[in-house]
Amino acid sequence: MILTAGEIQHLDRNFRLNLINSVTGVKPANLIGTVSSNGQTNLAIISSVVHLGSDPALIGFITRPTGEVPRHTYENILETYSFTINHVPQSYIKNAHYTSTKFPRETSEFEACGFTEEYIDLTKAPFVRESKVKLGLRFRKEIPIELNGTRLIIGEVQTIVLPGNALYGTGYIDLESCSNVGIGGLNQYYSLKKIDEFPYARLGEEPDFY
């Protein structure tokens, strides 16, 4: 099957939404924890978290367009300059999925969806206690994406929390042992299983592929 740009644009809206969200493959499943300036907490599942650099340690994610629909996560980050990123554990995928419900401002998704707020170090925003791998971040910058009204939110990592036995001596994290999951499209969840590991690719050290 080959779909051209014109054919994609004329697809049923929901069909096109599902197709474009899933065509990039499996994405990391994370929960973004925030709190407003008056203490109202919020939790939202996000599949767009991306590494932006390690020195300084920068992580970004994409927010949906703001406007008529309130974006509590975005609003809270602008108020407090703080947010957390929490990996979704496999045993909590249903809970995590339903944080995408459009709850009213005064309802915390932590309470509504069965998660526990946890405060660590000097991070203002709440972490998810049930998550095994979690990051505390300080908001540094937003970059508007004018083509569709979304924004890239960039945070600098302030705190990393993870099980000690999940950390390799080389600095890698054993994501499989943490029972983390990935997201396909908007509502399909996949378990993670390590398949193989290779050394850093250096010119002249490539294996014989034939």
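Residues numbered from 1 in each chain as written. Predicted model: local features only at pLDDT ≥ 70, side-chain atom pairs only at ≥ 80, totals over all residues. Heavy atoms only, no water.

Visitor: Honestly, the sheet that holds strand E10 (residues 150-161) in this entry has me stumped. Any pointers?
Guide: Whether parallel or antiparallel, the strands of a sheet pair through hydrogen bonds between backbone atoms. In space, the seven strands of this open sheet follow the order E3-E2-E6-E9-E10-E5-E4, with antiparallel pairing throughout. A strand with exactly one partner marks an edge of an open sheet, and here the two such strands are strand E3 (41-46) and strand E4 (50-54). For this sheet, the mean inter-axis angle between neighbouring strands, taken without regard to orientation, is 35°. Two strands pair when backbone bridges link them, and strand E6 (residues 82-87) and strand E9 (residues 134-145) are joined in this way by five bridges, in the antiparallel orientation. The residue of E9 that forms the bridge with Ser82 is Arg138. In this fold helix H3 (residues 72-80) packs onto strand E2 (30-35), E3, strand E5 (57-63), E6, E9 and E10, with an angle of close to 50° to the strand it touches most, E2. (Pairing = 2+ DSSP bridges. Helix = DSSP H or I, 4+ residues; strand = E, 2+ residues; numbered from the N terminus. Axes fitted to C-alpha atoms, helices over the stretch in contact; angles between N-to-C directions. Contact = heavy atoms within 4.5 Å.)

Visitor: Teacher, can you tell me more about the nonpolar core here?
Guide: Most often, soluble globular proteins keep nonpolar side chains buried together rather than apart. If you look at the biggest cluster of nonpolar residues, it comprises 14 residues, and the most contacted ones within it are Phe61, Phe83 and Ile85. Contributing elements (two or more residues each) for this core: E5, H3, E6, E9 and E10. The biggest single contributor to this core is E9, with three residues. Each residue touching Ile85, except ones within four places of it in the same chain, is listed here: Asn30, Leu31, Ile32, Val49, Ile59, Val133, Lys134, Leu135 and Leu137. Grouped together as the second largest cluster of nonpolar side chains are 12 residues, Leu43, Cys113, Phe115 and Val181 included. (Core = buried A, V, L, I, M, F, W, Y, C linked by side-chain atoms within 4.5 Å. Buried < 20%, exposed > 50% of the residue type's maximum accessible area, 1.4 Å probe, protein only.)

Visitor: Help me out: how do you make sense of the side chain of Ser36 in this one?
Guide: Take Ser36: it is sitting in the loop between E2 and E3. Taking the relative accessible area as the measure of exposure, Ser36 reaches 6% and is therefore buried. At 2.3 Å, the side chain of Ser36 and the side chain of Asn38 are in polar contact. (Polar contact = N/O pair within 3.5 Å; in protein donor to acceptor, adjacent residues only side chain to side chain.)

Visitor: I tried to follow H3 on my own but got confused; where do I start?
Guide: An α-helical segment advances 3.6 residues per turn. Residues three or four places apart therefore align on the same side. For H3, the set of buried residues is His72, Thr73, Tyr74, Asn76, Ile77 and Thr80. Each element contacted by the buried residues of H3 is listed here: E2, E3, E5, E6, E9 and E10. Just past H3, the residue Tyr81 takes up positive phi, approximately 60°.

Visitor: I keep staring at the layout of surface pockets and nothing clicks. Help me out?
Guide: With a probe scaled to a water molecule rolled over the atoms, the places where space remains empty come into view. Approximately 1,600 Å³ is the volume found for the largest pocket. Lining of the largest pocket is provided by 38 residues; of these, Thr63, Arg64, Pro65, Arg71 and Leu186 occupy positions nearest its centre. Where the lining of the largest pocket is concerned, the elements lending two or more residues are helix H2 (13-22), E3, E5 and H3. Residue composition of the lining of the largest pocket, grouped by class: 16 nonpolar, 15 polar and seven charged. Taken as a whole, the second largest pocket holds about 1,000 Å³ of empty space. Taken together, the elements giving at least two residues each to the lining of the second largest pocket come down to strand E1 (27-28), E4, E5, E6, E10 and strand E11 (181-184). Tallying contributions element by element places E4 first for the lining of the second largest pocket, with four residues. Of the residues assigned to the lining of the second largest pocket, the class counts are 23 nonpolar, nine polar and seven charged. (1 Å grid on protein atoms, 1.4 Å probe; cavity = no way out; pocket = protein on both sides within 12 Å on 5 of 7 lines; lining within 4 Å. Points joined across faces, edges and corners; volume = space filled by probe spheres on them. Nonpolar A, V, L, I, M, F, W, Y, C, P; charged D, E, K, R; others polar.)

Visitor: How should the pairing of E2 be read in this particular structure?
Guide: It is a general feature of regular strands that their side chains alternate between the two faces of the sheet. Burial runs high along E2: six of the six residues are buried. On E2, burial covers both faces: Asn30, Ile32 and Thr34 on one face and Leu31, Gly33 and Val35 on the other are all buried. Sheet topology places E2 next to E3; six bridges connect them, and they run antiparallel. In the sheet register, Val35 faces E3, and the bridge partner there is Thr41. With four bridges connecting them, E2 and E6 associate as antiparallel partners.

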